[in-house]
Structure formats: structure tokens, C-alpha cells
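These are the residues of each chain, in order.
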Amino acid sequence: MEANLVIVESPAKAKTIEKFLGKDFSVKSSYGHIRDLSKKNLGIDIEKNYNPQYEIPADKTKIVAELKQSAKRAKMIWLASDEDREGEAIAWHLSEILDLPKDKTHRIVFHEITKNAILEAVKNPRELDMNLVNAQQARRVLDRLVGFELSPVLWKKVKPALSAGRVQSVAVRLIVEKEREINNFKTNTYFKVSALFEVIHAKGNKSELKAELSDRFSTKEKALAFLNKCKTAGFKISDISTKPGKRSPAPPFTTSTLQQEASRKLGFSVAQTMSVAQKLYEAGKITYMRTDSLNLSDLAVGTIKNEIKKEFGDQYLQIRKYKTKIKGAQEAHEAIRPSYINNHEIQGTAAEKKLYELIWKRAIASQMADASFEKTIVTIDISNATEKFLAQGEVLLFDGFLKVYSESTDDEKDDSPKDHLPPLKTSDILTPKNISSVERYEQSPPRYTEASLVKKLEELTIGRPSTYAPIISTIQHRGYVVKEDRPGKDRSFTFLSLEKNSIKEDIKKEYAGAEKSKLFPTDIGMVVNDFLVEHFDNILDYNFTATVEKEFDEIALGNLSWIKMIDKFYKPFHVTVQHTMDNTERSTGEKLLGNDPVSGKPIYVKIGRYGPLVQLGETNNTDKPKFASLLKSQHIETITLKEALDLFRLPREVGEYEGKKVVAAVGKFGPYISHNSKFYSLKKDDSPLTVEIDRAIEIIKEKIEKDKNKIVKKFDNDLSILNGRWGVYICYKKENFKIPKKTNIESLTKEDCLVIIKENNTAGKKNKQKGKEKKAKEKK
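Figured I'd write up the structure that's included with this text.

What counts and what doesn't
- Residues numbered from 1 in each chain as written.
- Predicted model: local features only at pLDDT ≥ 70, side-chain atom pairs only at ≥ 80, totals over all residues.
- Heavy atoms only, no water.
- Pairing = 2+ DSSP bridges.
- Helix = DSSP H or I, 4+ residues; strand = E, 2+ residues; numbered from the N terminus.
- Axes fitted to C-alpha atoms, helices over the stretch in contact; angles between N-to-C directions.
- Contact = heavy atoms within 4.5 Å.
- Salt bridge = Lys/Arg side-chain N within 4 Å of Asp/Glu carboxyl O.
- Buried < 20%, exposed > 50% of the residue type's maximum accessible area, 1.4 Å probe, protein only.
- Core = buried A, V, L, I, M, F, W, Y, C linked by side-chain atoms within 4.5 Å.

1. Thoughts on the sheet that holds strand 28 (residues 735-738)
Thought 1: Spatial strand order, 25-26-27-28: 4 strands in an open sheet with antiparallel pairing. The open sheet has two edge strands with one neighbour each: strand 25 (711-714) and strand 28. Averaged over all pairs of adjacent strands, the angle between strand axes in this sheet comes to 25°, irrespective of strand direction.
Thought 2: Bridging between strand 27 (residues 727-732) and strand 28 involves 4 bridges; their strand directions are antiparallel. Bridging across to strand 28, Ile730 finds its partner in Phe737.
Thought 3: Lying on the sheet, helix 18 (residues 693-710) is in contact with strand 25, strand 26 (719-724) and strand 27; it crosses strand 25 at an angle near 55°.

2. Quick notes on the pairing of strand 11 (residues 388-398)
Thought 1: As paired elements, strand 8 (residues 206-213) and strand 11 share 2 bridges and run antiparallel to each other. Bridge assignment links Leu213 to a residue of strand 11, and that residue is Phe389.
Thought 2: Turn length for the strand 10 (residues 371-382)-strand 11 hairpin, with the two strands adjacent in sequence and antiparallel, is 5 residues.

3. A short note on the pattern of salt bridges
Thought 1: Within the structure shown, the criterion is met by 48 salt bridges.
Thought 2: In this structure, the salt-bridge partner of Glu88 is Arg126, at a minimum N-O distance of 2.9 Å. Residue Glu88 is found in helix 3 (residues 85-97), and its partner Arg126 is found in the loop between helix 4 (115-123) and helix 5 (130-157); the two are separated by 38 residues along the sequence.
Thought 3: Assessed through its relative accessible area of 0%, Glu88 is described here as buried.
Thought 4: Via salt bridges that share partners, Glu9, Lys13, Asp82 and Arg290 belong to a single interconnected network.

4. Notes on the pairing of strand 25
Thought 1: As defined by bridge partners, strand 25 adjoins strand 26 across 3 bridges and the pair is classed as antiparallel. Its bridge partner lying in strand 26, Lys714 is registered against Ser720.

5. Describing unusual backbone geometry
Thought 1: With an omega of -5°, the peptide bond running from Leu650 to Pro651 counts as cis.
Thought 2: Mapped onto the elements, Pro651 comes out in the loop between helix 17 (641-647) and strand 21 (652-657).
Thought 3: Although it is not a glycine, Ala161 adopts a positive phi angle of roughly 70°.
Thought 4: Relative to the helices and strands, Ala161 is located in the loop between helix 5 and helix 6 (166-183).
Thought 5: Relative accessible area serves as the criterion here: at 76%, Ala161 is assigned to the exposed category.
Thought 6: Phi angles above zero are rare outside glycine, and Ser517 is one such case at about 50°.
Thought 7: Within the secondary structure layout, Ser517 lies in strand 16 (residues 515-521).

6. Let's talk about the nonpolar core
Thought 1: Phe110 and Leu355 are the most contacted members of the largest nonpolar core, which totals 125 residues.
Thought 2: Of the residues forming this core, the biggest block, 10 residues, is contributed by helix 5.
Thought 3: Here Leu355 is in contact with Leu258, Ala262, Leu266, Phe268, Thr273, Val276, Ala277 and Leu280, once residues within four sequence places are set aside.
Thought 4: Counting 26 residues, the second-largest nonpolar core is a separate cluster that includes Phe197, Ala211, Ile237 and Ala385.

In C-alpha cells, the structure reads:
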């Protein structure tokens, strides 16, 4: 008989815990959830009750059988899944499916995988908290209900193979509304004035002083009028004010702030941050990474205090107690911090080291003293004008927490340190060396990054720490949102300069509007969003989603029945689904762009079977309409009539090469050129509307040369050895097979290749099975 069986949800976590427990304990993994809601029957009976049906996934049957055997042999069983609601649900599923006897089953929780935490948890077990289980069950049932009922509506009314989700659809709505806000933004320009003055000091030495005008001008004429005034003006310092300033450190990380800061500082996606943090937690290097608490335990604060005093001195220490502003936050949990504060660095991958360093610095800085500054503002009067120039300077008196860490922001404005000012006194006379006025453009609202979207979701109390990463991954995976870079454009601006009593005007150019790693809604994402907002406005309402989260919190506290909560939602929702299915028209996002100037026929843009397209003519006429696919850079919301007309010029004859026509067109897989019955994809910067014959020939030759180099050996039409992106491989009947390392490629015969293919097939089956098992392990 095994004395004690500890069950956790991941092998990595099991391996770490095993190190801290003696030989009397056996630690095994369930590889995540061992039961899932049945897709065939959610157990929803409107007239009777809600009894969700669960089933064991096929890839978990072997795991369940092994755990059952271990549980039978165990003297005591300890369910040690994570301390959040999902972890509680996993523990409950384990106790149910393994039929664990209550008298020898304990539930233990800990927020860090250290020896002290594990042993303390074993000393203080508790029973399963069914309120937490019910809260998680309510979330899963509600999300499945929304998904399973809404998705068929989208298949019928928008496009096959689409899906919807309660929280994901709200996130898409945020991104769609932001995109429309940007598209509707009308940019105005203004003129900003700055000056470079010369200061002559008492001893005759000179220094320079930069200043900006406190006012901005709306037109070039007003800016010119001001510069003309400055030709005869005198400039004098009228006031010098000095004020103390301070900056306080940010609190230790929660899930959302870690995701935001890792994105800004390290360039990590939200999913990457959580994946790396999970590994750090399971290896016992950081505390639990799904938390909305800012709390640090007394023990943690004590060790941080000692570390700060040892590393930086008493003057850098300032103990702080942070309180979260998020409703429903679980203050009993801790913020994310290193398990061992004295470990400044860890062993691991580059990503693990970077994220750990970020967590360590943030935790340390949270208990350090404020940084103190001295801010100076110099006011400069203009003798013949009411406007004033202002010069600002800042001196860091004590670095405090900045010695370790400074928080980044999503604000795109310039936040660079202020200049150091030269010695100045009131009544100093200043001589202008140069006064310039630059035309500036008002900035449109910034698009969401993954980090700023997480911040917005948290502000609206949509989702919880465990859901932010899946939300953002899902909306991209479904094709409703893309994260990408988009190029900017050149734009001109006016530059006015007053120097040596002469005004000079220049027209300059700048590159603006480039986007990096921003979230953009796709055309299908916008059409689906509009359909759902029109017919299911309550589901996509921000307040409804936030209210649901509060109800989950009330269920977790035992103040609300999860069955009543589901019942209240489902009955009217189901009626709306049926009404929408029976009484609404198909939605394609169709929009009339105008009429073809030649035929007079209307031109529409809409979503088609294979994506967005433009249509020339009506579908109900005897004359069949013409269709043309949009280019990747074009979108339903912004395409113009002229751009649509250009698309009907395709296919376009570009010229001739080797006596054969070269044609540019757009197909199912994007823009291409065809020549001699062969097809060549256009590059990212090439357009089928503008590509010239010389460039087309260049693309054709590049592809032919690449194909020549691709073939290493050809045995027959079915079997070849080819050069690929990842090295040399065998191609047999359009399937690819790896060649073992250290194989002499030149000496390979047809028979050798067939042996390798056979070995690959055998190994492939094993790897496929391993892949399924790995996916199951990481599913949580």
C-alpha cells in the first residue's frame, strides 16, 4: 500500500513537489481536467432542471485507470490542484471520477511551490469548496451554452464554420469599435512654437535655453503673425518656480499587469507570458501566476525588507501595503513574486530568465522608497505679445525605487526626461537664436495592443486572471482579429523658422502612422460583431458581461445558486436564439459603394464564401454579376468605389515573356502572376494592379531558380530528394519525410529512401500518440 498519494494537474508541478515530500508520498499528475462537458448533451432541460453531463475525453481513459489503481493502494489522498476556481473544479472532478472516499481524501492548496508551503499545506488540509466548484461550473456551462447556441446561428445567417463566445465576442466588439473610432477620426493640424535662447551670464559666459510657447496656433497665418511679432520683441525671464516632486513604485504584479508589462518591456504576447510564468511557477521559482491580488505575505515582505537593506541600504526601504481596486479580487491570495527573494537570477531559458528578472525587480521595487525630484519652470515674457514661453527642467535628487525598476506605459506621448537648466535668475534678458513653428497633426486614438486590451478588459471587469490569455488567443485563432504590423505613409508638414530676423518657410515630409503588433479586426470579425450586436445586444453589452462576473463571484462566496443564475440567463436567451434563427435575413456586411460609370450597374462590397469581395451588378437579374476578391490590404469598411473599379481590371495582361502572355490576378490564396500555365505568387510589396513586366519576369526567374535548387535527386515522378527551408528531405507521393542526421545524401538510393519512409511512418504513429498526450497535458 502506498502511504500517501498526491494528485496535481501537471507533470512539471508533480516533479517539483516530489522533491519536498519524503518517500511516504507518491506524486502523480492528472494532466489537467479529466472530465469535460459533453458536447452532445449539456443537460439543459428548460422545464425541469440543469444537470450538466460530463464525459471522460478519449485521451484521458488510460490516465484515469492508472490514478484509480494508485488511489486504491493509497492510505491517504491529497488533491493538490491550483488554488483558483478551475483548480477546485479539477479536484472535484478527480474525487468524483476516481470515487475517492471522503474519509481518506484531503484538499490542500498553496500559492508557491516551496518546501515550507507544501509541508504547511499538508498540515492544514481542508474539504473541497463546492462554492468555488459551482462558480467554475457556472462559467463553463454558461460559456458552452452561448457558444453552442450562437454558433449555428452564425453558420446559417453569416457564414459556415464560424463560432461565438460570451467573453471573446465582447473583446472583438472592443476592437471593432476602436477601429471605427479611428476610421471616423478627423485629423486637424496645429502649429507648435519652440525657441532656442541665448543667456549671457554676469561673467560674460553664455549658455542656451530651450523653451516652448504655452499656446498653439490653429492656422499657419496665426503662426506667421506671431513670428513677425517676435522680430521686434524683447524676451525676459519673469518667473522661476521650483517645486519638489516624487514618484512612487508600482505595486507587485497581478496577472494582468504582468501580461501588460511583459508585452511592453519584453515584447511577449499574452499567451507567451502565461506559458513562461506557468513553467516558473511549476518549477517553484515564483508564486501562483493567476491572481488579481496585490497582497504580499508578511514573510515575503520581511525577506524583501532584508534584501533591500542588504543590497541598497536603509534609506531605500519603505514598507507598503497595497490594496486592489478590482471588485471580487481574492485578497487571501498573493501577488506574483519570486518564491525565494534572495535568488536574483535563475537557471532556465532566455524567456524564463527575462520574465523572472522582471518579477523580481517589480516585487523588490514595490517596497522601496519614493524617487524625489526637483522640478523647475521658467516663464519668459514677450514684450509685444500676451503669449509666454515656458522652459522646464528636472533634477533627480534621490533615485529610490528607480535604482531597480521603472514601470512602462502604453502612452505613446514623449515621456523623456526634462532638460537640465543653466543658472538663471528673474529679469535675465534672453536673445533668441532661433524661433520655429512646426505644423503637427492631432493623433487618432491608439489601437489596442494585447497589453492595452487586457488593461481595458480588467477596467470593465470582463473576464478574470485565468481568462485574459485564452480570450486574446481565441479571437485571433478564429480569424476575427489579427495582430500585425502595418506600414505608415509619408505626409507633408509646414516648417516656419525665424532666424536673424528673417522668416523662412519649408515644406517637409515625415513618415507617420506605422503600427507595430497592433490588433486589427478582420472583415469577417466586423460582420459577425455587427450581427451579434444587432440581434444579441444584451450578450455583447459590457455591463452584462461585467455583471455575470460579479454573479460568479457571488456563487463562489455561497451567496447565489448557480442553477438559478443559469436559469435566469438561459430561458430568455434561448427564445432570442430561436427568434433570430427563424426571422432574420442573412448578413454579409453588404454595402453599396456606387455605380459603375460605364454600365451604370451598382457595385457592392460584402463577405463571400471565400472572403471579402466586390460585386458588379445585381444577383436577381438575368445577367450574372461579376465578382472580384479584395486585396489583403483592402477592407470592407474602407474600400472606395475607385479601388473597387480597379479590381475589375483583373485579370490584367502585364506583357509578354518568352512569347507567352504574363497575366496578374487575385486568387483564393492571394495575388499572383501566371505565365505558360504556371503560377507565381506576388511578394508582399507587389500589387497585381501595378506590377510591371520587368518585375514580373524577375519574380518568374526567382521561382524557376529556386525550384532548380530545390531538387537534389529525382528517382521518378513519385519519389524525390528535395531542399527545403529546414534542410534536405524526401518527398514521396506528395508527402514529406525527414532524413536522419549524418546521412550521406549523395549516396542515398531509391531503396534507401523507401526504408527511411517506412521508419518515418512507424515513428510518426508513435509521435502522433505522444503529441495527443502532450496536448492533453497542456490543455488546462
